[in-house]
Amino acid sequence: MELAGLERFANPAAVPDWRLTTAEILYHMPDHPGLLQTFIWQKHDLAPSFPALGKFLAFWQREIEGPLHSVRVASAALIKPAELRYAGGQFILH
């Protein structure tokens, strides 16, 4: 088995930081500018630059009539250390 393709990930800093990214977008309704509407956007994206979110927001500003009010972003790592803990009970077999 050849590991040549995995050599670039030998350094942990070289592993791309893919995250499940969720953005809560508040925008002004086109017909009623005094009202705000919420839109939820979710996609896998690269942290910390979030290029997919940036493309989507650029598309929004270019193509959609509702002007943006605010964007709140949350992300969760897809690759993280294992979460292990001891069980709080005793298990007896036989």
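Conventions used here
Residues numbered from 1 in each chain as written. Predicted model: local features only at pLDDT ≥ 70, side-chain atom pairs only at ≥ 80, totals over all residues. Heavy atoms only, no water. Helix = DSSP H or I, 4+ residues; strand = E, 2+ residues; numbered from the N terminus. Buried < 20%, exposed > 50% of the residue type's maximum accessible area, 1.4 Å probe, protein only. Contact = heavy atoms within 4.5 Å. Phe/Tyr/Trp six-rings, centres within 6.5 Å; stacked < 30°, edge-to-face > 60°. Pairing = 2+ DSSP bridges. Axes fitted to C-alpha atoms, helices over the stretch in contact; angles between N-to-C directions. Lys, Arg positive; Asp, Glu negative; His and termini not counted. Salt bridge = Lys/Arg side-chain N within 4 Å of Asp/Glu carboxyl O. Polar contact = N/O pair within 3.5 Å; in protein donor to acceptor, adjacent residues only side chain to side chain. Expected span 1.5 Å × (residues − 1). Arc of directions from axis to C-beta.

Asker: Before we go on, may I ask you to explain the environment of arginine 72 in this structure?
Answerer: Note on placement: arginine 72 falls in strand 3 (residues 68-77). By relative accessible area, which is 59% here, arginine 72 ends up exposed. Residues arginine 72 and isoleucine 25 lie 47 residues apart in sequence; the distance between their C-alpha atoms is 6.5 Å. Not counting the four nearest positions on each side in its chain, arginine 72 is found in contact with Thr22, Ala23 and Glu24.

Asker: What's the story with the packing of aromatic side chains in this structure? I'm lost.
Answerer: Going through the model one piece at a time under the given rule, you end up with six aromatic pairs. Taking the centre distance of 5.0 Å and the plane angle of 65 degrees together, the rings of tyrosine 27 and tryptophan 60 count as edge-to-face. Residue tyrosine 27 is located in strand 1 (residues 18-28), and its partner tryptophan 60 is located in helix 1 (residues 51-63); the two are separated by 33 residues in the primary sequence. The same class applies to tyrosine 27 and to tryptophan 60, which are both buried. With 5.6 Å between their ring centres and 55 degrees between their planes, phenylalanine 39 and tryptophan 60 make a pair best called tilted.

Asker: Help me understand the sheet that holds strand 2 (residues 36-46) in this model?
Answerer: To summarise the sheet geometry, strands pair through backbone hydrogen bonds and adopt either a parallel or an antiparallel arrangement. Strand order in the open sheet made by the three strands is 2-1-3, with antiparallel pairing throughout. Looking at strand neighbours, the two that pair on one side only are strand 2 and strand 3, the edges of this open sheet. Mean inter-strand twist for the sheet, computed between neighbouring axes without regard to direction, equals 20 degrees. The strands touched by helix 1 are strand 1, strand 2 and strand 3; relative to strand 2, the strand with the most contacts, the crossing angle is about 145 degrees.

Asker: Is there a simple way to explain the side chain of aspartate 45 in this structure?
Answerer: Here aspartate 45 shows up in strand 2. Summary of buried charges: aspartate 45 has no salt-bridge partner, and the nearest side chain of opposite charge, lysine 43, is 7.6 Å away. Of the polar contacts made by the side chain of aspartate 45, one reaches the backbone nitrogen of alanine 52; its length is 3.1 Å.

Asker: I'm lost on helix 1 in this one. Help?
Answerer: Spacing of three or four residues puts side chains on the same side of an α-helix, whose turn is 3.6 residues. A rise of 1.5 Å per residue sets the reference length of helix 1, with its 13 residues, at 18 Å; its end C-alpha atoms lie 18 Å apart and thus fit the reference within 8%. Residues Ala52, Leu53, Phe56, Leu57 and Trp60 constitute the buried set of helix 1. One side of helix 1 carries all its buried residues, which in axial view fall inside an arc of 135 degrees. Residues of helix 1 that are exposed and point more than 90 degrees away from the buried face comprise Lys55, Gln61 and Arg62. Each element contacted by the buried residues of helix 1 is listed here: strand 1, strand 2 and strand 3.

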